[in-house]
Amino acid sequence: MAPSFNDENSLFNFVVKEGNGVKGLVDLGLTEVPDRYIQPPHHRINKKQAAGSHENLIIDLSEFDGPNHEQVVKAIAHASETLGFFQVVNHGVPLELLESLKVVAHQFFGQPVEKKAVYLKGVSPTPLVQYGTSFVPENEKAWEWRDFVTMIYTNDAEAREFWPNDCK
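The rules behind the values
- Along each chain, residue indices are assigned from 1 in the same order as the chain's sequence is written.
- The predicted origin of the model limits local features to residues at a pLDDT of at least 70 and limits the giving and counting of side-chain atom pairs to 80 or more, whereas totals for whole chains, interfaces and linings rest on all residues.
- As a convention, hydrogens and water are excluded, and side-chain values are obtained from all of the structure's heavy atoms.
- Each helix is a run of DSSP H or I of at least 4 residues and each strand a run of E of at least 2, with the numbering of both proceeding from the N terminus.
- Burial status follows relative accessibility: with a 1.4 Å probe on protein chains alone, a residue under 20% of its type maximum counts as buried, one over 50% as exposed, and anything between as partly exposed.
- In this description, contact between two residues means that some pair of their heavy atoms is separated by no more than 4.5 Å.
- Accessible areas in this description were obtained via Shrake-Rupley with a 1.4 Å probe; residue shielding takes into account the shown protein chains only.
- Cavities and pockets were defined on a 1 Å grid built over protein atoms only: a cavity is a set of grid points that admits a 1.4 Å probe from which the probe cannot escape, a pocket is an open set flanked by protein on both sides within 12 Å along at least five of seven lines, and lining residues are those with an atom within 4 Å of any such point.
- Grid points are joined across faces, edges and corners, and a volume is the space filled by probe spheres set on the points.
- Nonpolar residues are Ala, Val, Leu, Ile, Met, Phe, Trp, Tyr, Cys and Pro. Charged residues are Asp, Glu, Lys and Arg, and all others, Gly as well, are polar.
- A patch consists of residues whose relative accessible area exceeds 30% and which take part in no salt bridge; residues with like charges are grouped when within 9 Å of each other, and nonpolar side chains (Val, Leu, Ile, Met, Phe, Trp, Tyr) when within 5 Å.
- Basic side-chain nitrogens of Lys or Arg form a salt bridge, by our definition, when they fall within 4 Å of a carboxyl oxygen of Asp or Glu.
- Multiplying one less than the number of residues by 1.5 Å gives the expected span of a helix.
- The arc in question is the one traced by the directions running from the helix axis out to the C-beta atoms.

Brief notes about the overall build of the protein chain
- Looking only at helices and strands, one finds seven helices and four strands in the protein chain.
- Helices and strands appear in the protein chain in the N-to-C order α-α-α-β-α-β-α-α-β-β-α.
- Judged by the C-alpha coordinates and their principal axes, the protein chain covers about 50 × 45 × 25 Å.
- Put simply, the protein chain has 168 residues, and 29% of those count as buried.
- When contacts within the protein chain are restricted to residue pairs at least 6 apart in sequence, long-range pairs at least 24 apart make up 54% of them.
- Surface summary for the protein chain: the accessible area is close to 11300 Å², and the carbon and sulfur share equals 56%.

Shown next as structure tokens:
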């Protein structure tokens, strides 16, 4: 049976401070999304407005540097504001690279918590790699249902030195 996080401090400690993240909640077998992750109604996407916006789900980035730049920017803004997501095509990133990124992400997030927690925001040995959940959970009314690792690329030497081995 999955534990219940009745008080906000125990949830914060488990998810944020200990680095278990959303994956840790899912791995526990949680059957209900904790209230801390539920957006207040006035911050949610308007479903009626979003229903007619499906034509803007796919954004062609080949137009970004051309005469249709403003249209692309408006399409991105519109999809973000009404749907909260979109797909980009013709971005120039090779499919092989995207597939290898998925493999590396699964490797990183599949590690034991102790290995990922080394890179937690605020304790990471390098500012180039940050692991966390939500953006600033201490200040957010509703947390984001996600975990992330951010790796800033400056050059190959620093990437080899500072990035987690599972992400190289």
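Let us keep going from here.
Concerning the layout of surface pockets
- Computed from the structure, the second largest pocket encloses a volume of approximately 160 Å³.
- What lines the second largest pocket is a set of 13 residues, among which Val16, Lys17, Leu120, Lys121 and Glu138 lie closest to the centre.
- Looking at the lining of the second largest pocket, the elements that each hand over two or more residues are helix H1 (8-17) and strand S3 (129-133).
- Sorting elements by how many residues they give to the lining of the second largest pocket places H1 first, with four residues.
- Classifying every residue of the lining of the second largest pocket by side-chain character gives six nonpolar, four polar and three charged.

Concerning a nonpolar patch on the surface
- A cluster of nonpolar residues, Val93, Leu95, Leu97, Leu98 and Leu101, forms a patch on the protein surface that exposes about 410 Å² of accessible area.
- Note that Leu98 resides in helix H5 (residues 95-109).
- The partly exposed category is assigned to Leu98, whose relative accessible area is 31%.

Some details on the side chain of Arg36
- Secondary-structure assignment places Arg36 in the loop between helix H2 (21-27) and helix H3 (47-51).
- Apart from the residues within four sequence positions on either side, Arg36 is in contact with Glu8, Leu11, Pro137, Glu140, Lys141, Ala142 and Trp143.

A few points about unusual backbone geometry
- With a phi angle near 55°, Asn90 is a residue other than glycine that sits in the positive phi range.
- Here Asn90 is to be found in the loop between strand S2 (87-89) and H5.

With respect to H5
- Between its first and last C-alpha atoms H5 spans 21 Å; for 15 residues at 1.5 Å apiece the expected length is 21 Å, and the two agree.
- When we look at burial in H5, the residues that qualify are Val104, Phe108 and Phe109. The buried side chains of H5 occupy one side of the element, clustering within an arc of 120° when seen end-on. In H5, the exposed positions angled more than 90 degrees off the buried face are occupied by Leu95, Glu96 and His106.
- Along its buried surface, H5 packs onto H2, helix H6 (113-117), S3 and strand S4 (147-151).

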